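Structure at a glance
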Number of protein chains: 2
Amino acid sequence: MKLYTYPPAPNPMRLAIFMAEKGVDIETEVIDLMSGEQRSDSFRAVNHWGTVPSLVLDDGTVLTEVVGMYSYLEEIYPQKPLLGSDPLSRALILSWDHRCFTDGFQAVAEALRNSVPAFAGRALPGPVSYEQIPALADRGKERIQAFYGVLDKHLEGRDFMVGDDFTVADITAYVFVVFSGWVKAAIPDECVHLSAWHQQISTRVSVQS
Amino acid sequence: MKLYTYPPAPNPMRLAIFMAEKGVDIETEVIDLMSGEQRSDSFRAVNHWGTVPSLVLDDGTVLTEVVGMYSYLEEIYPQKPLLGSDPLSRALILSWDHRCFTDGFQAVAEALRNSVPAFAGRALPGPVSYEQIPALADRGKERIQAFYGVLDKHLEGRDFMVGDDFTVADITAYVFVVFSGWVKAAIPDECVHLSAWHQQISTRVSVQS
């Protein structure tokens, strides 16, 4: 397998934490998003979407979505399950991962990509050029605040997003909080449950590497 | 278990096709989205997001995301696997389901919810009110056309989205095409591979019920 990634970016970070938790190491090539290398012909030949992370399997299949990489790697490296260990936990973990992506990640992406000059003409990731929509940046910032509240309410009385173990639901929620800092948002003081959970997750070796 | 749903809507349709393929029947209550019943106190007591489908399990847990319902029901009713039968197919199916949701479903939702007067103040599903952004409706329509092209290219030489069997990747792609009709979009004539696949999928009993 070979992983193409750019460690500081949020979706690569999700996968990196997952791999660190499992103790999995994969040959890696860094694609420099800062210089636009993801749009180069050579990288588009690997992944036509031009996105990272991209995981090339030994048979040449390319996985382009983190949820697919999670699923594949969990089966190949079953040690330390991060997608749940019974039907209910698996369902809830996938649900929260999805929710954190659509209501969390996408909110930050809306705020960032529709306001920062470097993303002009690239308001969405991928091969098609879309212009920035300033009103969408404002909406993204509102949605970030709303989602802090959702997570705070959910985490009351809980150590982890689902059940008694650290899972990908925690990873995606944690990286959402990190990513929200890119648009100068931060967990509000009143979100004490989210703050306590965030502080605890921050101590994990996997998120510090 | 008890399912709260509104059959004509796209996410309920995904789950209904899944259940029909498996021959699974679950006690169902219809929540009338046309009259705003999803925002009633009684339904918000079931699912605070105010979205359908919502699946209440026997232990009282409520699943609110289709991907979580898929995962749970696939394990409880393993007959006729719709999420794949080996690590690679499972990874690809989850990946395409995600991609069809973010690039397909969300594109149609952008186009619909930001233009139709009935969605004024409700540009996103869920409990928070967001105003319509007309530019986002236009972008949604562009993205629909782009995603027809993505599916057409992918389906060249294929009978199904992943491998040799009908899976949830086909369901989400198919319902995207149905949903795109809500904003008067339709598969362009030049998308011959997508058209052929769509015609074939349309003959299935599960999508006609």
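Residues numbered from 1 in each chain as written. Chains lettered and ligands numbered in written order. Predicted model: local features only at pLDDT ≥ 70, side-chain atom pairs only at ≥ 80, totals over all residues.

Okay, the overall build of chain A next. Within chain A one finds 8 helices and 4 strands. In sequence order, chain A lays out its α and β elements as β-α-β-α-β-β-α-α-α-α-α-α. Its C-alpha radius of gyration of 17 Å places chain A within 12% of the 17 Å reference for a compact globule of 209 residues. C-alpha atoms of chain A, sized along the principal axes, occupy 50 × 45 × 30 Å. Taking all 209 residues of chain A together, the buried fraction comes to 47%. (Helix = DSSP H or I, 4+ residues; strand = E, 2+ residues; numbered from the N terminus. Rg over C-alpha atoms; globule rule 2.2 N^0.38 Å. Buried ≥ 20, exposed ≤ 12 C-beta atoms within 10 Å, placed from the backbone.)

Turning to the packing of helix H4 (residues 87-113) of chain B against helix H6 (residues 168-180) of chain B, a few remarks are in order. Residue and element names in this part refer to chain B. It is at 8 Å that the axes of H4 and H6 come closest, and there the two elements cross at 10°. As the angle between them shows, H4 and H6 are arranged roughly parallel. Contact with H4, carried on its side by Ile93, Trp96, Asp97, Cys100, Phe101, Gly104, Phe105 and Val108, involves Val168, Ala169, Thr172, Ala173, Phe176, Phe179 and Ser180 of H6 and no other residues of that element. Across the contact of H4 with H6, the residue classes tally to 11 nonpolar, 3 polar and 1 charged. (Axes fitted to C-alpha atoms, helices over the stretch in contact; angles between N-to-C directions. Parallel < 35°, antiparallel > 145°, perpendicular 65-115°, else oblique. Contact = placed C-beta atoms within 7 Å. Nonpolar A, V, L, I, M, F, W, Y, C, P; charged D, E, K, R; others polar.)

Residues and elements named next belong to chain B. The 4 strands are arranged S2-S1-S3-S4 in an open sheet whose pairing can be described as mixed. Each of the sheet's edge strands pairs with one partner strand only, and the pair in question is strand S2 (27-30) and strand S4 (62-63). Pairing of strand S1 (residues 2-5) with S2, which is carried by 4 bridges, proceeds in the parallel orientation. Of the residues in S2, the one forming a bridge with leucine 3 is threonine 28. (Pairing = 2+ DSSP bridges.)

Now for the domain arrangement of chain A. How big an interface is tends to be stated in terms of the accessible area lost upon association of its parts. All names here are of chain A. On domain assignment, one finds that chain A holds domain 1 (2-76) and domain 2 (87-208). In this assembly, 13 residues from domain 1 lie in contact with 14 residues from domain 2. Going through the elements one at a time, helix H1 (10-22) and helix H3 (66-76) are the ones with two or more residues in the side of domain 1 that touches domain 2. With 7 residues, H1 is the single largest residue contributor to the side of domain 1 that touches domain 2. The residue inventory of the side of domain 1 that touches domain 2, partitioned by class, reads 8 nonpolar, 3 polar and 2 charged. (Domains from an automatic or database assignment.)

Below, the discussion takes up the relation of the copies chain A and chain B. Rotating chain A by 180° about the axis while translating it 0.0 Å along that axis superimposes it on chain B, leaving an RMSD of 0.0 Å. The superposition operator between the copies reduces to a two-fold rotation axis. Most of the interface of chain A is mirrored in chain B, where 100% of its interface residues again form contacts. (Least-squares fit on C-alpha atoms with pLDDT ≥ 70 in both.)

What follows covers the confidence of the model for chain A. Detail in the predicted coordinates should be disregarded across regions flagged by low pLDDT. With 100% of its residues at a pLDDT of 70 or more, chain A has an overall mean of 97. The complex prediction reports pTM at 0.97, with the ipTM value standing at 0.96. (pLDDT = per-residue confidence, 0-100.)

So, on to the interface of chain A and chain B. Taken residue by residue, the interface counts 26 residues in chain A and 26 residues in chain B. Taken together, the elements giving at least two residues each to the side of chain A that touches chain B come down to H3, helix H4 (87-113) and helix H5 (134-155) of chain A. With 9 residues, the top contributor of residues to the side of chain A that touches chain B is H4(A). Considered class by class, the residues forming the side of chain A that touches chain B number 15 nonpolar, 6 polar and 5 charged.

With that out of the way, let us pick up the pairing of S1(B). Residue and element names in this part refer to chain B. The parallel pair S1 and S2 is bridged by helix H1 (residues 10-22), and the resulting crossover is right-handed. Of the pairings in the sheet, the one linking S1 to strand S3 (residues 54-56) comprises 3 bridges and is antiparallel in character. Residue pairing across strands places leucine 3 opposite leucine 55, the latter belonging to S3. (Right-handed = clockwise from strand over helix to strand, strands pointing away.)

Here we take up the sheet that holds strand S4 (residues 62-63) of chain A. Working definition: the strands of a sheet are paired by backbone hydrogen bonds and lie parallel or antiparallel to each other. Across the sheet, which stays open at both edges, the 4 strands sit in the order S2-S1-S3-S4 (chain A) with mixed pairing between neighbours. Pairing within the sheet leaves two strands with one partner each, and these edge strands are strand S2 (27-30) and S4 of chain A.

Given 3.6 residues to a turn, an α-helix orients residues that are three or four positions apart in the same direction. Residues and elements named next belong to chain B. When the terminal C-alpha atoms of H6 are compared, their 18 Å separation across 13 residues agrees well with the 18 Å that a helix rising 1.5 Å per residue should span. Within H6, 12 of the 13 residues are buried, which leaves the element mostly enclosed by the surrounding structure. Elements in contact with the buried residues of H6: H1, helix H3 (66-76), H4, helix H5 (134-155), helix H7 (192-202) and helix H8 (205-208). (Expected span 1.5 Å × (residues − 1).)

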